Amino acid sequence: MRISINWLRELVKIAQSPQELAELLTIAGIEVEEIEDRREWAKGVVIGKIIDRQPHPNADKLSVCQVDIGQENPSTIVCGAPNARADILVPVATLGTYLAKINLTIKPAKLRGVKSEGMICSLAELGLTKDSEGIHIFSQENLPLGTDVRPLLGLDEVILDISPTANRADALSMIGVAREVAALTGGELSLPKVKLGEFSHKKDLTLEISENKACPAYIGTVIEGVKIGPSPLWLQQRLQAAGLRSINNVVDITNYVLLEWGQPLHAFDRDRLQSFAGGKSVTIGVRFAEEGEKIITLDGQERSLKELNLLITANNQPVALAGVMGGQDTEVNEETVNLVLESALFDPIAIRRSSKAQGLRSESSGRYERGVNPAALEYACQRAIDLILELAGGTVSSQVKADYRADQSSRSIELRLQRLQQLLGQVTLDNGAIGEILAEDVERILGNLGCELQLTSKNPVLWTVTVPDYRYRDLEREIDLIEEVARLYGYDRFVDTLPAKTAAGGLSFEETIQRRVREAFRAVGLTELVQYSLVKPELAEVVLANPLFVEYSALRTNLLDGLIEAFEYNQSQGNGALNGFEIGRVFRLESDNINEYDAIAGIFGGDFFPAGRWLRSGKEVAMTWYEAKGILEAVFDRLSLTVSYEKYAEDARFHPGRTASLWIGKQRLGIFGQLHPQLRQQKGLIEAVYAFEIQFPLLLATLRDSAKITPRLQVYSTYPGAARDIAFFVSTDIPVDRLTKTIKNAGGTLLEKVELFDRYQGQNVPENHCSLAFSLVYRASDRTLTDEEVEPLMTKVREALVKQFQVSLRS
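Now for a quick tour of the structure. (Residues numbered from 1 in each chain as written. Predicted model: local features only at pLDDT ≥ 70, side-chain atom pairs only at ≥ 80, totals over all residues. Heavy atoms only, no water.)

## Some remarks on the layout of surface pockets
Item 1. Volume-wise, the largest pocket comes out at about 1800 Å³.
Item 2. When contributions to the lining of the largest pocket are tallied by element, the ones reaching two or more residues are helix H16 (625-638), strand S35 (644-647), strand S36 (654-664), strand S39 (722-731), helix H20 (736-747), strand S40 (751-760) and strand S41 (769-778).
Item 3. Take the lining of the largest pocket: its biggest share by element is eight residues, from S40.
Item 4. Looking at the lining of the largest pocket residue by residue, the classes come out as 24 nonpolar, nine polar and 16 charged.
Item 5. Those elements that place two or more of their residues in the lining of the second largest pocket are strand S30 (534-535), helix H15 (560-572), strand S33 (580-590), strand S34 (593-605), strand S37 (667-675), helix H17 (677-683), strand S38 (689-695) and helix H18 (696-703).
Item 6. Here the lining of the second largest pocket is built from residues that sort into 20 nonpolar, seven polar and 14 charged. (1 Å grid on protein atoms, 1.4 Å probe; cavity = no way out; pocket = protein on both sides within 12 Å on 5 of 7 lines; lining within 4 Å. Points joined across faces, edges and corners; volume = space filled by probe spheres on them. Helix = DSSP H or I, 4+ residues; strand = E, 2+ residues; numbered from the N terminus. Nonpolar A, V, L, I, M, F, W, Y, C, P; charged D, E, K, R; others polar.)

## Remarks on the sheet that holds strand S24 (residues 412-416)
Item 1. Here three strands make up an open sheet; going across it, the order is S24-S28-S27 and the pairing antiparallel. Of all strands in the sheet, those bounded by a partner on one side alone are S24 and strand S27 (452-458). The sheet shows a mean angle of 25° between the axes of neighbouring strands, direction not considered.
Item 2. With five bridges connecting them, S24 and strand S28 (residues 461-466) associate as antiparallel partners. Along S28, the bridge assignment pairs isoleucine 413 with valine 465.
Item 3. Contacting S24 and S28, helix H11 (residues 417-424) runs over the sheet at an angle of about 65° to S24.
Item 4. Across the face of the sheet, helix H13 (residues 478-489) comes into contact with S24 and S28 while running at roughly 65° to S24. (Pairing = 2+ DSSP bridges. Axes fitted to C-alpha atoms, helices over the stretch in contact; angles between N-to-C directions. Contact = heavy atoms within 4.5 Å.)

## Brief notes about the packing of aromatic side chains
Item 1. Throughout the structure, instances matching the rule amount to 12 aromatic pairs.
Item 2. With a centroid separation of 6.4 Å and an interplanar angle of 10°, the aromatic rings of tryptophan 261 and tyrosine 379 are classed as stacked. Taken together, the residues span a long stretch of sequence, with tryptophan 261 in helix H6 (residues 249-261) and tyrosine 379 in helix H10 (residues 377-391) at a distance of 118 residues.
Item 3. According to the relative accessible area criterion, tryptophan 261 is buried, its value standing at 17%.
Item 4. Assessed through its relative accessible area of 36%, tyrosine 379 is described here as partly exposed.
Item 5. Their ring planes at 75° and their centres at 5.1 Å tell us that phenylalanine 346 and tyrosine 368 sit as a pair that is edge-to-face. Of this pair, phenylalanine 346 sits in the loop between strand S22 (339-345) and helix H8 (348-358) while tyrosine 368 is found in helix H9 (residues 363-370), placing the two residues 22 residues apart along the sequence.
Item 6. The exposure class assigned to phenylalanine 346 is buried, which follows from its relative accessible area of 5%.
Item 7. Since its relative accessible area comes to 2%, tyrosine 368 is described here as buried.
Item 8. Taken together, Phe521, Phe581, Phe604 and Phe692 form an aromatic cluster joined through their ring pairs. (Phe/Tyr/Trp six-rings, centres within 6.5 Å; stacked < 30°, edge-to-face > 60°. Buried < 20%, exposed > 50% of the residue type's maximum accessible area, 1.4 Å probe, protein only.)

## Observations regarding the pairing of strand S14 (residues 217-224)
Item 1. The buried fraction of S14 is high, at seven of eight residues.
Item 2. Here seven bridges tie S14 to S22, and the two strands are oriented antiparallel to one another. Bridged to isoleucine 219 within S22 is serine 343.
Item 3. Examined bridge by bridge, S14 and strand S23 (residues 395-403) share eight bridges and lie antiparallel to one another. Bridge pairing links tyrosine 218 to alanine 402 in S23.

## Describing H11
Item 1. For H11, the set of buried residues is Leu417, Leu420, Gln421 and Leu424. The buried residues of H11 occupy an angular sector of 95° when the element is viewed end-on, so they sit on one face. Across H11 from its buried face, at more than 90 degrees, point the exposed residues Gln418 and Gln422.
Item 2. Contact partners of the buried residues in H11: S24, strand S25 (426-428), strand S26 (434-436), helix H12 (439-448), S28 and H13. (Arc of directions from axis to C-beta.)

Here's what the structure looks like:
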């Protein structure tokens, strides 16, 4: 909201400069986003009178003006405005003036051979409008020449653009900000005096509020005999400073009261309302729209209404979107004579949903959504009536009310001084000493906010605090009052020393492991990805009750589906294979309970080492299953994990013959494999794409052993190793992992390394068998091993393989 300092000074006495006031408000929690000093826009611009205007001798569209700016001799100014003429009062930028809004300094110049000693200005050049058809002409007469134009144009002004938090609906009004400033500075308030009137009721206007929860109060006032015209200059300037354009005196008054009290109002043309409703007697109603109804709003758009839209109706015909925008068919225009002034309360949730359903926000809806002060409804209505009678004439002929408001006359909250001091800690007192906030400071601060305090206990100190009606929505509990004391006492006065008992910070075990895992995946060349947790509902996902979009209305049950979509998108954009991983949360519905888990998933494929393409004549080589498995195993090696592989064919997204489940001991860690050819074809993916899913909780539990996550130094043997090879035929049903474990167990402590280097299946190999060849390396730390030491170990390995797997030895 834009706050006029001049207007604010009329409501509260301010001794601070705009900059000091902005800092004070920001520290107190009402952020000032910008200070707009309009005084600099027209500094050096004075009132002048064109005493003579002649055509330019060398240019058809220019004129040469003699302008009296209160000096001994008139100034010669070349002007290109079509409305320049003699005997008019205009704003004149004198020599040396800097026009900030157009970044121009006025200097003596020659225009087509004629000297020019200044510039006659338009409102656009002074920053008051975006466009202007010519120079500005003052309507006032007998203005003193040579005097400053800024007071006349409302440019002797500073604007604070504030951004209150969502709970401070009261700060969306000038009176609310004035109360805040008074509480912060101790300044005296001078609010508009409004005396509520009593008005008769005629039967030609009645109310029928069918949705009294959505509209707890409605006041309709009939004003007859008004004269529509332009607003007085002071009112136009107030609206312009707030960022609103002037329309006519009646509409401007409703906007003015909106800014002053924070209470939205709307004026209907009563005669057009009767014509639209089809009768002299009009029943104003409030109801929700029916699907398919239409209305043309004040912005000229025809809107198809939805059931969420709350409507104002006349004889059941829609005439306005309640709390959002009026209708074009009943708007006030220059021909309006009689009015129906609406002043109402609407439910914040109903207005938010209605506004969102139409994608339409307004000054009114923004205030209703946060909640307006119910107790100020009659005062804002009366203030508008008084201004209309003053500026547009007319008389009040009738007023009808419907009131379903709950009693909110008072709210009492108990406040404990001891609890306040415990939460806020030590502060810098007024005398400069360090101590706790005093009881008299609490009473002063809350009293300045409009609260009434009654001391109910002296030891310990306890107050009963009565909250004012304009803070009824956000001061509900003791902690709210404590926050107000802290805010107005000044956060900058809180002591910033550390507590006596301090401890070094650090990462939790879970975060440490997660960072280690991320580092391991990045180290093998995978990019970390982050995706939305919200997905389109397809299976048994957890569905949101109030989603933003249908496409994001459920919580994901796994990470891999999103990675496959991301892989497809990157490929379609010509970015090649997406080799990445993600650590994120998944959600599952289990026995009517929503459970959430951390998971890890990854996807990769394509030519993983493109730097070697020059050796292949630039051709890409699809990643093999073993290369993909090697990437995952490199991660497990960095994490010191021993993972075994078992056949797996239960996931339809994976190739049934090229997928394995991952096991740590007797617990399944996850799955790894190649995507199913049908899925690959459906998505249009490259030839071979591999993916994995891992349960992070099991990984975390396994790595909880500090020996696995803490690096350990190991002394390398300086003696050479003894290499041996072993080859045999074995059934294809036996996993290599089991063979490797058997070899390691039989080889004993001297066996340093076991590596499969050859696999063959085909001619000269028994059916359903394959030929495997392993390389074994034996090494001792204190000597060179001899054949006599190695050969018995090899014999044990051969015997163990024959005994457990019935292999046929080839070597």
